[in-house]
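# Descriptive analysis of the structure
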Amino acid sequence: MEAKNLLIIMSDEQNRDMLGAYGHGIVKTPNIDALAARGTRFTAAYTNCPICVPSRAAFQTGRFPHETRYWDNAIAYDGRVRGFGHRLQDEGIRVESIGKLHYRAETDPLGYDEKHIGMYIKDGIGSITGSVRDPLPPLDPDANTKPGFASKAGPGLSTYNKYDAKVADLTCDRLARIATDPGDKPFVLFASFLAPHYPLTVPEEFFSMYDPADMPDVKLDPASGYVQHPWVKVLSDRQSHANGLTPEMSKRAVAAYFGLCSYVDHQIGRVLNALQAAGLADTTRVIYTADHGENAGARGLWGKSVMYEESAAIPMIAAGPDIARGATCDTPVSLVDIYPSVLDGVGLAAKDDEADLPGRSVFDIASAPDDPERAVFSEYHAAYSPSGGFMVRKNGYKYCAYAGGYAPELFDLAADPGETTDIAADPAHASTVAEYDALLRTFVDPEKADRQAKDDQNALLDRHGGRDKILTDRPGTAGYTGVPEEIASTL
């Protein structure tokens, strides 16, 4: 592939199907839709872990969490495992980030020549309470009375909103300056936004785009008889995200989330316009994606952490030189495909230490015939999960498995895209369950990975005073990483 510049844009907690480009009938995302219209949209893209920190480590390193052992939001990318940025630096290719990284610390060797207003896990240890998993802490008897983030949704102006506007400002400025001094090698720029991640606070002009009364009803609502999978029920009982919601408040939360989708689309539109204004559009490829999705009320869940489409599926769009316009690609892809895509995009061949990367360039995938037989993989070993959760997606089926003796789930996404019916226990699908369980084990030994994650998390707790101290002090329980004060004071 001919070497070109590369702009990677990431939003945070973006439900794939809550974008106009992916067929949503209410959400307004004209800029992302326009990007898809001039590029290729991947219909089966997934995170490799449905929570922020491990997914971003997979994005950076091209390797799965059980390979890197960046398990949860307290064990973040620190440069210990080489990422695509290190290879670019080796080759003298300019690589910069603007916005949220959610890596360990600014001072770590992360593979970026410059990191503008970077966000990192708090104090280098992040949400360590989420590492208490072996065993899980007892249920909080007052948990159901504590309102979750979804109950606080509404119009306003949060530091997250201000931060995203600043990310767009800096990215636009950086593109203009690159245009004046393009250099003799391509550049790689990673622009990373916070929206539509909670808090569900969004400027009035975007909140007012959506009338809560017009929002769709909750999908698979436990209040209407839906029964959560036992593994999911354990997790759900320990999360407060959906607590305190009346039906009216639930619709208000959905309206606020839709508003945040439109808000981040607006900021992305500013960046794409700046790319055009700088005269770089014809020499720059763009990848738009997200770190994971958002349940947005489905199955009684807000947040992420599960393997259903709302949480594990992500948008992915590629556009620019040599990429088919207005096309779709049904081949499954995931965030570990970004590393080889970066190499391919700037004209670099993989070296020996990159030959075993599990991913493949999305540019290569987009230009080839659809391959429904390609399998993608995701795993979860983070907050509130009783054991490791795992997913493989191939050829229209999704298989979800859980360490610790929990029953698996199987969904026929071709016939049941909403995952309303688990067919794993149906004798007619026994051979498919066996096939997909064997496929899963080509990626990971579930019980081994579960044990390694818990051992690493227990060791982390011991280094910080032990399990009892962590549960007493409860550091990192705000529910999300705040904008650092030194940055927030400038917004």
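Residues numbered from 1 in each chain as written. Predicted model: local features only at pLDDT ≥ 70, side-chain atom pairs only at ≥ 80, totals over all residues. Heavy atoms only, no water.

Formed by 60 residues in total, the largest nonpolar core has its most connected members in I9, F193 and L200. If you tally residues by element for this core, the top one is helix α8 (residues 247–277), at 15 residues. Membership of the second largest hydrophobic core comes to 49 residues, among which are W71, I128, C329 and V346. (Core = buried A, V, L, I, M, F, W, Y, C linked by side-chain atoms within 4.5 Å. Buried < 20%, exposed > 50% of the residue type's maximum accessible area, 1.4 Å probe, protein only. Helix = DSSP H or I, 4+ residues; strand = E, 2+ residues; numbered from the N terminus.)

What follows deals with the side chain of R16. Tracing the sequence through the fold places R16 in the loop between β1 (5–12) and α1 (30–37). Residue R16 is classed as buried on the basis of its relative accessible area, which comes to 8%. There is a polar contact of 2.9 Å between the side chain of R16 and the side chain of D17. With residues near it in sequence (within four places) discarded, R16 still touches Y22, T43, A44, Y46, E309, A313, I314 and P315. (Polar contact = N/O pair within 3.5 Å; in protein donor to acceptor, adjacent residues only side chain to side chain. Contact = heavy atoms within 4.5 Å.)

Taken as a whole, this structure holds zero disulfides when the rule is applied. Between C52, a cysteine without a disulfide, and C49, which holds the nearest cysteine sulfur, the sulfur-to-sulfur distance is 9.6 Å. When its relative accessible area of 2% is taken as the criterion, C52 is described as buried. The cysteine C261 is free of any disulfide, with C52 supplying the nearest cysteine sulfur at 15 Å. (Disulfide = S-S within 2.5 Å.)

This part is about the packing of α1 against α8. Packing of α1 against α8 leaves a shortest axis separation of 7 Å and a crossing angle of 50°. When the interaxial angle is binned, α1 and α8 end up oblique. Residue-level contacts link P30, N31, I32 and L35 of α1 to D265, H266, I268, G269 and L272 of α8. (Axes fitted to C-alpha atoms, helices over the stretch in contact; angles between N-to-C directions. Parallel < 35°, antiparallel > 145°, perpendicular 65-115°, else oblique.)

Moving on to the pattern of salt bridges. Counted according to the given criterion, the structure contains 38 salt bridges. One salt bridge connects D17 with R16, and the closest N-O pair in it is separated by 2.9 Å. Of the charged contacts, one joins R63 and E67 as a salt bridge, the two residues approaching to 3.8 Å between their closest N and O atoms. Using a relative accessible area of 14% as the deciding quantity, one classes R63 as buried. The exposure class assigned to E67 is partly exposed, which follows from its relative accessible area of 38%. (Salt bridge = Lys/Arg side-chain N within 4 Å of Asp/Glu carboxyl O.)

This brings us to helix α10 (residues 338–345). With eight of its eight residues buried, α10 lies for the most part within the structure. Among all positions of α10, only I338, Y339, P340, S341, V342, L343, D344 and G345 are buried. Directly after α10, the chain includes G347, whose backbone phi takes a positive value near 85°.

Right, let's get into α8. Between its first and last C-alpha, α8 extends 45 Å over 31 residues, near the 45 Å set by a 1.5 Å rise per residue. Counting buried positions along α8 gives 22 out of 31 residues, so the element sits mostly inside the fold. Two residues or fewer after α8 comes G279, characterised by a positive phi angle close to 75°. (Expected span 1.5 Å × (residues − 1).)

Here the focus is the confidence of the model for the protein chain. Per-residue confidence for the protein chain gives a mean pLDDT of 96; residues scoring 70 or more make up 99%. Within the protein chain, the element-level pLDDT minimum falls on helix α14 (residues 467–473), averaging 90, and the maximum on strand β9 (residues 284–290), averaging 99. (pLDDT = per-residue confidence, 0-100.)

Moving on to the packing of aromatic side chains. Enumeration according to the criterion identifies 19 aromatic pairs in this entry. The interplanar angle of 85° and the centroid separation of 6.1 Å between the aromatic rings of F149 and W302 together place this pair among those described as edge-to-face. With F149 in the loop between β5 (114–120) and β6 (154–155) and W302 in the loop between β9 and α9 (309–312), this residue pair connects regions lying 153 residues apart in the sequence. With a relative accessible area of 2%, W302 lands in the buried category. On the basis of an interplanar angle of 75° and a centroid distance of 5.7 Å, the ring pair of Y210 and F258 is categorised as edge-to-face. Of this pair, Y210 sits in the loop between α6 (204–207) and α7 (230–238) while F258 sits in helix α8; the two residues are 48 residues apart in sequence, bridging distant segments of the chain. There is no split in this pair, since Y210 and F258 are both buried. (Phe/Tyr/Trp six-rings, centres within 6.5 Å; stacked < 30°, edge-to-face > 60°.)

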